[in-house]
Amino acid sequence: MASQDLPEAELKTPEELEQVLGTSIEKGLTTSKAQEYLARDGPNELEKPPKPTLLMLFIMQLCGFVIILLISAAIASIMVNATGPNRSDILSYTTGKAIFVIVVLNAGIAAWTEHKAGDALEALSKMTQASIYVVRDGAEVKVDVPDVVRGDVVVLGTGDVVPADMRLIEADDVKVSEMALTGEPDDVHKTAKIKAKKPGEPEKLTPENMVFSGCSVTNGKGRGIVVETGMGTRIGRIAKLIAGEAGEERKKCFCLPDNSANQTPLQANLEHLGGRIGVMAIVVCVVIFIFGVAMKRTDPSNPETAPWLYMILIAVTLAVAAIPEGIPLCVTISLSIGCKDMVKQSVLVRKLAAVETLGSASVICSDKTGTLTEGKMTMVKLWAGQVSYDVGGKGFDPTVGRITRTDGGADAGAELPVRTTLLSAILCCNTSLISVRDEETGELRYEPRGNSSEAPIVVAARKVGFAEEVAGAYPRVLEVPFSSTRKMMLTVSDVSGRSALCDGGMPLGDGAKYLAVCKGAPNFIVDYCTEFLTADGRAEPLTEAAKMGILRVVDDYSSQALRVLAVATRTMTELPFDASDENVSTDQKFQACRVGLRFVGLVASIDPDRDGVPESVEAARDAGIRVVMITGDYLKTAVAIAQNVKILQKGDDAEVCAVDCARLRPGDAYLQHDEMDKLTNSVRVFARARPEDKLEIVKSLQRQGLVTAMTGDGVNDAPALNQANIGVA
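Residues numbered from 1 in each chain as written. Predicted model: local features only at pLDDT ≥ 70, side-chain atom pairs only at ≥ 80, totals over all residues. Heavy atoms only, no water.

Novice: Looking at this model, I keep getting lost on the overall build of the protein chain. Mind explaining?
Specialist: Check the secondary structure of the protein chain and you find 24 helices and 27 strands. A total accessible area of about 35,000 Å² is found for the protein chain, and carbon and sulfur atoms account for 55% of it. (Helix = DSSP H or I, 4+ residues; strand = E, 2+ residues; numbered from the N terminus. Areas by Shrake-Rupley, 256 points an atom, 1.4 Å probe, with all protein chains shown as cover.)

Right under this line is the structure:
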């Protein structure tokens, strides 16, 4: 029985998938049917082509045209001397031996370098875990990930790595890190519902009700039906792109792998030069042979020798002299010196020829997250008490940077609106910041544990002096997690016995026992607020004018590609619901607590650009190298980052220089080559890019005769890195 394709599984109901895949949502597959499907579809793992052995790589180095000419010249030199008068003199064979030594030495160095290079598919195969819980025969059982089949109902929890592409049928506050697929650092909220795309809504890189192989679950729990396994998954598609067209290995010389498509410009030019020299040498030698025979030239030392035999020896001798046997070794030595210089700049070169290619690059295609930017969401703005603040520092190190007033730059770490906003937000977080010492360097670094969108809040709170365990002093009595419908998270904490939220924080009022905190989308939270916190800690009514003022700040931050969260609170003398009544639902508790909120402040974060990136982009431009950003982020965010790092300059029209990658594939079919090349020739920012898009962009630039370098640090960049003339990872 052949497996059925499941296009657009995200648009099918669980019942439809249940019927198509022959499974049961409640009981899963039977053991016998799972074994049948495993035999039909094969194991749930990526196929990896056999890696060439060191001997095979060595032989491959001997198949270049220049090398073949050198080998031919060496053989011819030995044959000429073996038939000459000095055939018994071992020194007469020096030229042929020297050429053979050069050829073997050059091939050995190149083969060993490639043998030590990493396998591009190795990272993909490691993106999994050993086993996972699935429902079979009505019970949850642990099975090895390679034994997961289509139709399996998989149970997911926080920390699990998704074993295959799945359509969610249950999702309880599920968040997934899809950085492997999209390159974007933000955790993605998932739901079991079918959501149709609204007109004008930006295209999502992944459907909200699907989770994909290799992605990790960072929050919540859920269940899903496996719809694709192995090479049929999205990670499998990336593996196919890396392997090449249809995954078929091309051959040359009938049995050896053909890597001519991956030749660097230097290698291609050397092949071309060798071909021209070889053809010219052969033509000249043939002409000399013909003229010599016609003129009946004979060996002066042995006049009885036939003219044709003497002229063959002369022609071969000239051919040997014409072959530039020193080129391969000279090039290898020169590139080795270049590698040594690169090492001094902390750059590891895996292929010698890449040194020259990097110097001849005419366009650099770069991923955004983790390459142009830090890959670490960082708070840069805070707005509270109608005052704007700047947050210094980058990344997760709380010892770097401080909070200052935007107007004047005065230190604001002790100001009431700042401390109130940050502590309130901390009470509505589930993320912690831990310090880890690097085993190799001994350096201390900080890593967040939990939701990536909360990490900037935790880091900023530590910058103003709040301890890591500060939230423990405010016992949590209720938590309503974020959902796509609520657009916010709500917690209720016990603040009994406190007159103020914290030292230097807002007053809580007489008899306050509980503090409700809402954190989420500003436009939703503002609608539930009736008052706002002033700079001196008072509560003022939130008029329509004040509300519009807050939303203008939100729009301003959003225009700078900042991710904005609003924080609001409500003090209560008692809980607005019966905590002992088990019939009160979470939604009912949420609705009871969210009324009459006090707007406290806004926090705005961004993935900041790396130090030195703008200067590097300008240096590349001054050298005549074009820099192109290809990212999975939204167009607006991509444009803002491109402007920050100087890829887009003042005066550039963002509508012309930046495009959504949906324009490359209208109707899911890529543009014709001429149309694609015309677009990529002028665009410098590509947003919402899939791995396939990055690959097609690189191919288009190469069709235009450009030497293309690709930089990236994610698996989603691997196909483009593999295709580019030089990949920098």
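Novice: Can you help me understand helix 1 (residues 14–21) in this one?
Specialist: Because an α-helix packs 3.6 residues into every turn, residues spaced three or four apart end up facing the same way. Within the span of helix 1, buried status applies to Pro14, Leu17 and Leu21. Projected onto a plane normal to the axis of helix 1, the buried residues spread over an arc of 60° and lie on a single side. In helix 1, the exposed residues that point more than 90 degrees away from the buried face are Glu15 and Gln19. In this structure, the buried residues of helix 1 make contact with helix 2 (31–41), strand 4 (165–177) and strand 7 (216–228). Glycine 22, located one to two residues past helix 1, shows a positive phi value of around 65°. (Buried < 20%, exposed > 50% of the residue type's maximum accessible area, 1.4 Å probe, protein only. Arc of directions from axis to C-beta. Contact = heavy atoms within 4.5 Å.)

Novice: When you look at a nonpolar patch on the surface in this model, what are you seeing that I'm missing?
Specialist: A grouping of Val279, Val283, Val287, Phe291 and Met295 is seen on the molecular surface, where their side chains present a nonpolar patch of about 480 Å² in accessible area. Residue position: valine 279 is located in helix 9 (residues 265–294). (Patch = residues over 30% accessible without salt bridge, like charges linked within 9 Å, V, L, I, M, F, W, Y side chains within 5 Å. Salt bridge = Lys/Arg side-chain N within 4 Å of Asp/Glu carboxyl O.)

Novice: When you look at the pattern of salt bridges in this model, what are you seeing that I'm missing?
Specialist: Between side chains of opposite charge, pairing is possible as soon as their charged atoms come close. Counted under the stated rule, the structure contains 28 salt bridges. We note a salt bridge from glutamate 447 to arginine 445, for which the minimum N-O separation is 2.9 Å. A relative accessible area of 37% means that arginine 445 is categorised as partly exposed.

Novice: Please clarify how the pairing of strand 17 (residues 488–494) should be interpreted in this entry.
Specialist: Consecutive residues of a regular strand have side chains that alternate between opposite faces of the sheet. The buried count for strand 17 comes to 6 of 7 residues, which makes it a mostly enclosed element. In terms of strand pairing, strand 16 (residues 476–480) meets strand 17 through 4 bridges, oriented antiparallel. In the strand pairing of strand 17, arginine 476 is matched with serine 493. (Pairing = 2+ DSSP bridges.)

Novice: How should the side chain of aspartate 633 be read in this particular structure?
Specialist: Among the structural elements, aspartate 633 can be located in the loop between strand 23 (626–630) and helix 20 (635–644). On the basis of relative accessible area, aspartate 633 is assigned to the buried category, the value being 4%. The contact partners of aspartate 633, leaving out residues within four places of it in the chain, are Glu184, Lys368, Arg563, Ala687 and Arg688.

Novice: Would you mind going over the environment of valine 656 with me for this structure?
Specialist: For valine 656, the position within the fold is in helix 21 (residues 654–657). Placed 29 residues apart in sequence, valine 656 and valine 685 show a C-alpha to C-alpha distance of 9.5 Å.

Novice: Looking at this structure, how should I read helix 15 (residues 455–463)?
Specialist: Among the 9 residues in helix 15, 8 count as buried, and that is most of the element. Listed in full, the buried residues belonging to helix 15 are Ala455, Pro456, Ile457, Val458, Val459, Ala460, Ala461 and Lys463. Where helix 15 ends, the next residue or the one after it, glycine 465, has phi of about 105°, a positive value.

Novice: Looking at this structure, how should I read the nonpolar core?
Specialist: Generally speaking, nonpolar side chains in soluble globular proteins are found buried as a group. Among the nonpolar cores identified, the biggest contains 54 residues, and Leu490, Val492, Phe599, Leu602, Met629, Ile647 and Val685 are the most heavily contacted of them. Once residues within four sequence positions are removed from consideration, leucine 490 is found in contact with Cys428, Leu478, Glu479, Val480, Val517, Cys518, Phe590, Cys593 and Arg594. (Core = buried A, V, L, I, M, F, W, Y, C linked by side-chain atoms within 4.5 Å.)

Novice: Sorry if this is basic, but what is going on with the state of the cysteines here?
Specialist: On inspection of all chains with the given rule, the structure shows 0 disulfides. Cysteine 428 supplies the cysteine sulfur nearest to cysteine 429, a cysteine that is in no disulfide, at a spacing of 6.6 Å. (Disulfide = S-S within 2.5 Å.)

Novice: I keep staring at the packing of helix 22 (residues 673–680) against helix 23 (residues 691–703) and nothing clicks. Help me out?
Specialist: Helix-helix packing is described using two parameters, namely the angle between the two axes and the distance between the axes. One way to put it is that helix 22 packs onto helix 23 with a least axis distance of 9 Å and a crossing angle of 90°. Here helix 22 is positioned roughly perpendicular relative to helix 23, judged by the angle of their axes. Where helix 22 abuts helix 23, its residues His673, Met676, Asp677 and Thr680 lie against Glu696, Ile697, Ser700, Leu701 and Arg703. Split into classes, the residues belonging to the contact of helix 22 with helix 23 amount to 3 nonpolar, 3 polar and 3 charged. (Axes fitted to C-alpha atoms, helices over the stretch in contact; angles between N-to-C directions. Parallel < 35°, antiparallel > 145°, perpendicular 65-115°, else oblique. Nonpolar A, V, L, I, M, F, W, Y, C, P; charged D, E, K, R; others polar.)

Novice: Explanation requested: the sheet that holds strand 10 (residues 363–366) in the structure shown.
Specialist: In a beta sheet, neighbouring strands pair by backbone hydrogen bonds and run either parallel or antiparallel. Taking strand neighbours across the sheet as the criterion, the 6 strands line up as 24-25-23-10-26-27 in an open arrangement whose pairing is parallel. Edge positions in the open sheet fall to strand 24 (658–660) and strand 27 (726–728), since each of these has one partner strand only. Put simply, the sheet's adjacent strands are angled 20° from each other on average, direction ignored. Across 2 bridges, strand 23 lies against strand 25 (residues 685–687) in parallel orientation. Each residue of the ladder has a partner; that of methionine 629, found in strand 25, is valine 685. Along the sheet, helix 23 makes contact with strand 10, strand 23, strand 25 and strand 26 (708–711), crossing strand 26 at roughly 160°.

Novice: What's the story with the packing of aromatic side chains in this structure? I'm lost.
Specialist: Aromatic ring pairs are defined here through the distance separating the ring centres and the angle between the ring planes. In total, this model carries 1 aromatic pair according to the counting rule given. Ring centres of tryptophan 383 and phenylalanine 599 lie 6.4 Å apart, and the angle between their planes is 50°; on these two criteria the pair is classed as tilted. Of the two residues, tryptophan 383 is situated in strand 11 (residues 378–384) and phenylalanine 599 in strand 22 (residues 597–606); the sequence distance between them amounts to 216 residues. Judged by relative accessible area, which is 13%, tryptophan 383 ranks as buried. A relative accessible area of 3% places phenylalanine 599 in the buried class. The ring of tyrosine 634 is capped by arginine 688, whose NZ or CZ atom sits 3.8 Å from the centre of that ring. (Phe/Tyr/Trp six-rings, centres within 6.5 Å; stacked < 30°, edge-to-face > 60°. Lys NZ or Arg CZ within 6 Å of the ring centre and 35° of its normal.)

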